[in-house]
Amino acid sequence: MSMAEYKGKVKNIKDTPFGYTLSVIGGKWKMVIIYLLAENQPVRFNELKRQIGAITYKTLSSQLKELEEDGMVERKEYPQVPPKVEYSLTDKAETLLPVLEELCEWGVKNQNN
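Parameters and conventions
Residues numbered from 1 in each chain as written. Predicted model: local features only at pLDDT ≥ 70, side-chain atom pairs only at ≥ 80, totals over all residues. Heavy atoms only, no water. Helix = DSSP H or I, 4+ residues; strand = E, 2+ residues; numbered from the N terminus. Buried < 20%, exposed > 50% of the residue type's maximum accessible area, 1.4 Å probe, protein only. Contact = heavy atoms within 4.5 Å. Areas by Shrake-Rupley, 256 points an atom, 1.4 Å probe, with all protein chains shown as cover. Lys, Arg positive; Asp, Glu negative; His and termini not counted. Charge placed at Lys NZ, Arg CZ, Asp CG, Glu CD.

The name an unreviewed UniProt entry gives the chain is MarR family transcriptional regulator, with Paenibacillus azoreducens as the organism.

The following block contains the structure:
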């Protein structure tokens, strides 16, 4: 289904496939998290925090929980002391990677314009 099929019919953006997509990957950090997990997974929480930098622990934790609830991120906990938790992308999230690649291509073409 394309955007053209919704032209003039949208009462609420949340009711569209685009709205659903935004609810899953929208916000400041979710696409950054997905991008970093795609680059080198699995990744431990603190390593992800170091790679992102400016994000708080609380925000990273809540964003990962939301991504997990939406079926985008898998959390694997190891029963050891100290606790070890790794995050990786699910198959569902992997289907989004070509879209992220296209966004990167757009950036390459338009960054210096």
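Enquirer: Just checking my understanding: could you explain the overall build of the chain for this structure?
Expert: A count of helices and strands for the chain gives 6 helices and 3 strands. Reading the chain from its N end, one meets helices and strands in the order α-α-β-α-α-β-β-α-α. The principal-axis extent of the C-alpha atoms belonging to the chain is close to 55 × 35 × 25 Å. Put simply, the chain has 113 residues, and 28% of those count as buried. Here the contacts in the chain between residues at least 6 apart in sequence split such that 45% fall between residues at least 24 apart. Counting only carbon and sulfur atoms, one obtains 54% of the accessible surface of the chain, whose full area is about 8,200 Å². Put simply, the chain has 16 plus and 16 minus side-chain charges, and the middle of one group is 7 Å from the middle of the other.

Enquirer: What's the story with the environment of Gly 19 in this structure? I'm lost.
Expert: Structurally, Gly 19 is set in helix α1 (residues 17–25). Classification of Gly 19 by relative accessible area gives buried; the value is 10%. When the C-alpha atoms of Gly 19 and Leu 103 are compared, they prove to be 18 Å apart, with 84 residues separating the residues in sequence. Not counting residues within four places of it along the chain, the set of residues in contact with Gly 19 comprises Ile 13 and Lys 14.

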